[in-house]
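# A closer look at the structure
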2 protein chains.
Amino acid sequence: MRPELQILEQYVAENGLKRTRQRTLIAAQFLESGGHLSAEDLYAALNAAGHRVGLATVYRTLKMLVDAGLAQVRHFPDGATRYECVYGEPAHDHLICVECHCIIEIENPFLDQLYQHAFAAHGFVASGHRLVITGICSNCQAGAASN
Amino acid sequence: MRPELQILEQYVAENGLKRTRQRTLIAAQFLESGGHLSAEDLYAALNAAGHRVGLATVYRTLKMLVDAGLAQVRHFPDGATRYECVYGEPAHDHLICVECHCIIEIENPFLDQLYQHAFAAHGFVASGHRLVITGICSNCQAGAASN
DNA sequence: ATCACTGCAAAGTCTTTGCAACGAC
DNA sequence: GTCGTTGCAAAGACTTTGCAGTGAT
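Keep in mind the model is a prediction, meaning the values are calculated, not measured. (Residues numbered from 1 in each chain as written. Chains lettered and ligands numbered in written order. Predicted model: local features only at pLDDT ≥ 70, side-chain atom pairs only at ≥ 80, totals over all residues. Heavy atoms only, no water.)

### Looking at the relation of the copies chain B and chain A
What counts here: Least-squares superposition aligns the copies on the C-alpha atoms of those residues with pLDDT at or above 70 in both. A contact between two residues is defined here by any heavy atoms of the two lying within 4.5 Å.
Superposing chain B onto chain A takes a rotation of 180 degrees plus a shift of 0.1 Å along the axis, which leaves an RMSD of 0.2 Å. In symmetry terms, the pair is related by a two-fold rotation axis. Among all residues of chain B, the one whose C-alpha sits closest to the rotation axis is B:L131, at a distance of 2.2 Å. A share of 100% of interface residues in chain B that are also interface residues in chain A marks the association as one of identical surfaces.

### A look at the state of the cysteines
Rules: Our working definition of a disulfide is a cysteine sulfur pair at a distance within 2.5 Å.
Summed over all chains, the structure comprises zero disulfides over all chains. Note on A:C140: no disulfide assigned, nearest cysteine sulfur contributed by A:C100 at a separation of 3.6 Å.

### Quick notes on the nonpolar core
Note the threshold: To form a nonpolar core, buried Ala, Val, Leu, Ile, Met, Phe, Trp, Tyr and Cys residues must be joined to one another through side-chain atoms within 4.5 Å. The rule is simple: take the accessible area with a 1.4 Å probe, protein chains only, and divide by the maximum for that residue type; under 20% is buried, over 50% is exposed, in between is partly exposed. Numbering of helices and strands runs from the N terminus, with a helix taken as a DSSP run of H or I at least four residues long and a strand as a DSSP run of E at least two residues long.
With 30 residues, the main nonpolar core has A:L95, A:F124, A:I133, B:L95, B:F124 and B:I133 as its most contacted residues. Secondary-structure elements contributing two or more residues to this core are β3 (93–97), β4 (103–106), α5 (111–122) and β5 (125–136) of chain A together with β3 (93–97), β4 (103–106), α5 (111–122) and β5 (125–136) of chain B. Beyond its immediate chain neighbours, meaning those up to four positions away, B:I133 contacts A:L114, A:Y115, A:F124, A:A126, A:G128, A:H129, B:H94, B:L95 and B:I96.

### Brief notes about the protein's contact with DNA strand C
Keep this limit in mind: Whether a residue is near a molecule or strand depends on its heavy atoms: it is near if one of them lies within 4 Å of it. Each polar contact in these results corresponds to two N or O atoms within 3.5 Å; when the atoms are within protein, one needs to be able to donate a hydrogen and the other to accept it, and residues that are neighboring in sequence are counted only if both atoms are side-chain atoms.
Surveying the vicinity of DNA strand C reveals 19 residues, the closest of which are A:Q22, A:R23, A:T57, A:R60 and B:Y59. Atoms of DNA strand C within 4 Å of the protein belong to the sugar or the phosphate in 75% of instances, the rest to bases. Taking B:K18, its side chain carries an N or O atom lying 3.0 Å from a base nitrogen of DNA strand C. One of the side-chain N or O atoms of B:Y59 is found 2.3 Å from a phosphate oxygen in DNA strand C. Those elements giving two or more residues to the surface near DNA strand C turn out to be α2 (21–32) and α4 (55–67) of chain A together with α4 (55–67) of chain B. Per element, the largest residue contribution to the surface near DNA strand C is four residues, and it comes from α4(B).

### Some thoughts on the environment of B:T57
All names here are of chain B. Of note, T57 is situated in helix α4. Look at T57 and you get partly exposed, because its relative accessible area is 22%. Separated by 64 residues in sequence, T57 and A121 place their C-alpha atoms 44 Å apart. With sequence-adjacent residues up to four places away left out, T57 is seen in contact with Q22 and I26.

### Some thoughts on the protein's contact with DNA strand D
Taken together, 19 residues lie around DNA strand D, and A:Y59, B:Q22, B:R23, B:T57 and B:R60 are the ones closest in. Backbone atoms, meaning sugar plus phosphate, form 72% of the atoms of DNA strand D positioned within 4 Å of the protein. The contact in question runs from a phosphate oxygen of DNA strand D to an N or O atom on the side chain of A:K63, over 2.8 Å. Take B:K18: an N or O atom from its side chain is 2.9 Å from a base oxygen of DNA strand D. At the level of elements, α4 of chain A together with α2 (21–32) and α4 of chain B are the ones that each hand at least two residues to the surface near DNA strand D. Counting residues per element, the surface near DNA strand D draws most heavily on α4(A), at four residues.

### Focus: the sheet that holds β5(A)
Test applied: Pairing between strands is defined by DSSP: at least two bridges between the two strands are required. Convention adopted: a line fitted to C-alpha atoms gives each axis, helices being fitted over their contacting stretch, and angles between N-to-C directions are expressed from 0 to 180 degrees.
Strand order across the open sheet formed by six strands is β4(A)-β3(A)-β5(A)-β5(B)-β3(B)-β4(B), with mixed pairing between neighbours. A strand with exactly one partner marks an edge of an open sheet, and here the two such strands are β4 of chain A together with β4 of chain B. For this sheet the average axis-to-axis angle between neighbouring strands, irrespective of direction, equals 25 degrees. As paired elements, β3(A) and β5(A) share four bridges and run parallel to each other. Among the inter-strand pairings, A:I96 is bridged to a residue of β5(A), identified as A:T134. Against the sheet, α5(A) contacts β5 of chain A together with β3, β4 and β5 of chain B, and its axis sits at roughly 120 degrees relative to β5(A). Taken strand by strand, α5(B) contacts β3, β4 and β5 of chain A together with β5 of chain B, and its axis lies near 120 degrees from that of β5(B).

### Thoughts on unusual backbone geometry
If you check the backbone angles, A:H101 has positive phi at about 60 degrees while not being a glycine. You can see A:H101 is positioned in the loop between β3 and β4.

### Thoughts on the confidence of the model for chain A
Applied cut-off: You can read pLDDT as the predictor saying how much it trusts each residue, on a scale of 0 to 100.
Looking at chain A as a whole, its pLDDT mean stands at 90, while 97% of the residues score no less than 70. Confidence, expressed as mean pLDDT per element, reaches its minimum in chain A at helix α6 (residues 138–146) of chain A with 75 and its maximum at α4(A) with 97.

### A word on the domain arrangement of chain A
Residue and element names in this part refer to chain A. Under the convention used in this document: Throughout, the edges of the domains are those of an automatic or database domain assignment. The quantity reported as buried area is the accessible area (1.4 Å probe) lost by two parts once they are put together, taken as the sum for both. Salt bridges are identified by distance alone: a Lys or Arg side-chain nitrogen within 4 Å of an Asp or Glu carboxyl oxygen.
Domain parsing of chain A yields domain 1 (1–89) and domain 2 (90–147). Each of domain 1 and domain 2 has a C-alpha centre, and the two are 24 Å apart. Tallying the contact residues gives nine residues for domain 1 and 10 residues for domain 2. Regarding the contact of domain 1 and domain 2, the summed buried area is about 810 Å², with carbon and sulfur atoms giving 57% of it. Seen at the junction of domain 1 and domain 2, the total is zero salt bridges. Viewed at the interface, domain 2 and domain 1 are joined by four residue pairs in polar contact (both at pLDDT 80 or more).

In structure tokens:
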């Protein structure tokens, strides 16, 4: 079993919650897909797979995953809200292609310097961040050449 | 007159639009406040100042300002949508204090390197970005010490 | 048996749109 | 006078909540 699911079971147990079919399904699907999903996406994926769950339950479960420290909410520049896996993941940022809307994860080697800069310039003690870079992915550059 | 308002007039003229009381009011208030306002904020500010405008008009005008290149939409991590002045502004990023929710603008000296890194690592040609750093501002650090 | 969970539908928020009256040109 | 604009209210997208029935322990 995925270590994330164990964490979830522990969270459920410790909080007097219950281990239900829906929660397991939603969590499994979410983890499986690697995050970057909206509630609607998850709902569609589950129902397409023949698993009947209500949209409200998806929302509720995602919120629970956030509380359990397994997921995080992300508001993307297009205004969409997506959830992302955070368990054991190194902090990372996102490249978003304006052509195909794909999302690429990227590590930011300048983070520490950036945080230090924020402190040096404004006395701001950084604890987290969110970076999205928009542009054209390598695929779409290739595609554009042949269009 | 603010150069931004001239740009707006030019945009309006060039597109067969009309120069109305509401547009001028909304744009003036928006520019005055330096951006970082939600539509609702602007609406409230205008009505508090005794200027009667409809909320829908605020939304419509903000959209127009974006088209005119004077404003940009920002989706902040708390899920709020705010508009920001962009005319003649150097590209900048944001520090957001999790205590007092103040927003500090900051320049990012690592941008070029970051863009180059995105290209080197993923062949991604960056055209823009959005960075928000969360943490505690200097004021709140001081405040926390005395609480 | 208890008490949390689910699904649905209703209610909320935020934003956009339709429409008749209005105002700029 | 024409045609874009406004304000309102209705409609939409997305998310949350109330409630009665269901299911885990």
